[in-house]
Amino acid sequence: MDDSAVATDTSRLFNAWYYQTACGSPYQRNDHWLGIFGELADRIIAEIGPRSVMDAGCALGMLVEQLRARGVEAEGIDISGYAIAQAHESVRPYVRVASVTEPFGRRYDLIVCIEVLEHMPRHEAEAAIANMCMWSDDILFSSSPYDHKEATHMNVNPPEYWADRFARHGFFRDVDFDASFLTPWAVRFRRRSEPLHRIVRDYERRFWELWHAHQQLRELALEQRDRLAHAVAAREEAERLAEERHAYTIRLESELTRKNAHIRYLEDLIHRLEHGRVMRLLRLLTGRK
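Residues numbered from 1 in each chain as written. Predicted model: local features only at pLDDT ≥ 70, side-chain atom pairs only at ≥ 80, totals over all residues. Heavy atoms only, no water.

1. Re the side chain of R188
Within the fold, R188 resides in strand β7 (residues 187-191). For R188, a relative accessible area of 7% puts it in the buried group. Among the polar contacts listed, one links the side chain of R188 to the side chain of D138, at a separation of 2.5 Å. Beyond its immediate stretch of four places on either side in the chain, R188 contacts E47, I48, D138, I139, L140, F172, R173, D174, F177 and A179. (Helix = DSSP H or I, 4+ residues; strand = E, 2+ residues; numbered from the N terminus. Buried < 20%, exposed > 50% of the residue type's maximum accessible area, 1.4 Å probe, protein only. Polar contact = N/O pair within 3.5 Å; in protein donor to acceptor, adjacent residues only side chain to side chain. Contact = heavy atoms within 4.5 Å.)

Here's what the structure looks like:
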């Protein structure tokens, strides 16, 4: 769809109904969401250590709240007036209604943009990237690569699309930073000014590490598959032997039952012979002799 056919005023979409229904569990300031953003704030501080942060698309401002509670100079903007109105009173001076395409007015050590640009028409999302790249050299970025079912997701793209757009502004993935604590597809984009061959070297190094790990995991999976196949075969053989032993045991028990019955028959026959008329006559005759 042509971006020009998409209404750019999307703020009306992000109302109370959206925050109650479109974020998994209702998106509101409670222990669940404060706990999530508290953990994110801890990881950001521990692994990046910014002194100032802009949360671009801050929604209810909970990340701003958690960062400021930990001594970080955090601010936030969001296009939703409803969301900003729900921010805790402690951070209301630091959050405002604005678009991520608008100049921030100051530079930040880090800009965080979590699941925002997929909600924007493509041309606006690209303008937002250009804007963020103007106001920081370090951007922690996440955009869902596959959630097309969400009604407000009008610009869902795979990770390489966003990498391409950031690279146009001199920002490249920090290949040594694991941003998966944010989302599985999150990336830390940083401004790189060194020659292209050095950037390519880092990408190739990381690619080789991941390729080698993939190969080893594949080999391990094949080994485990073979071991599992052997274990299944051994189990089936054990089950077959157990069935044979069980059948043999049944046959032995049947034979034993038959022989016991025959022994009882013989014992009864002997008893009858010993106490029969013929034996009594023999005893009498023997006694006379």
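2. Here's the deal with the sheet that holds strand β2 (residues 73-78)
Read from one edge of the open sheet, 7 strands run β3-β2-β1-β4-β5-β7-β6, paired in mixed fashion. Looking along the sheet, the strands with just one partner apiece sit at the ends: β3 (95-97) and β6 (171-173). Strand-to-strand twist in this sheet, taken as the mean axis angle between neighbours without regard to direction, amounts to 20°. As judged from the 3 bridges shared by strand β1 (residues 52-56) and strand β4 (residues 110-114), these two strands associate in the parallel manner. By the bridge assignment, V53 is partnered in β4 with L110. In the packing of helix α3 (residues 62-69) onto the sheet, the strands contacted are β1, β2, β3 and β4, and the crossing angle to β2 comes to about 175°. (Pairing = 2+ DSSP bridges. Axes fitted to C-alpha atoms, helices over the stretch in contact; angles between N-to-C directions.)

3. A closer look at a nonpolar patch on the surface
The grouping of F207, W208 and W211 at the surface amounts to a nonpolar patch, some 370 Å² of accessible area in total. Secondary-structure assignment places F207 in helix α7 (residues 196-274). (Patch = residues over 30% accessible without salt bridge, like charges linked within 9 Å, V, L, I, M, F, W, Y side chains within 5 Å. Areas by Shrake-Rupley, 256 points an atom, 1.4 Å probe, with all protein chains shown as cover. Salt bridge = Lys/Arg side-chain N within 4 Å of Asp/Glu carboxyl O.)

4. Considering the packing of helix α5 (residues 122-135) against helix α6 (residues 159-167)
Where α5 contacts α6, the two axes come as close as 10 Å, and the packing angle between them is 50°. Comparing the axis directions of α5 and α6 gives the class oblique. As α5 packs across α6, the resulting crossing turns out to be right-handed. Contacts from R122, A125, E126, I129, M132 and C133 of α5 reach α6 at Y161, W162, R165 and F166. Residue composition of the contact of α5 with α6, grouped by class: 7 nonpolar, no polar and 3 charged. (Parallel < 35°, antiparallel > 145°, perpendicular 65-115°, else oblique. Left-handed = near helix turned anticlockwise from the far one by under 90°. Nonpolar A, V, L, I, M, F, W, Y, C, P; charged D, E, K, R; others polar.)

5. A short note on unusual backbone geometry
In this structure, A59 takes a positive phi of about 55° despite not being glycine. The exposure class assigned to A59 is buried, which follows from its relative accessible area of 9%. The backbone phi angle of E115 is positive, close to 55°, even though this residue is not glycine. Position of E115 relative to the elements: it lies in the loop between β4 and α5. E115 sits in the partly exposed class, given a relative accessible area of 22%.

6. Let's talk about α6
Along an α-helix, residues three or four positions apart point the same way, because every turn accommodates 3.6 residues. Every buried residue of α6 is listed here: Y161, W162, R165 and F166. On an axial view of α6, the arc spanned by its buried residues comes to 130°, and they lie on one face. (Arc of directions from axis to C-beta.)

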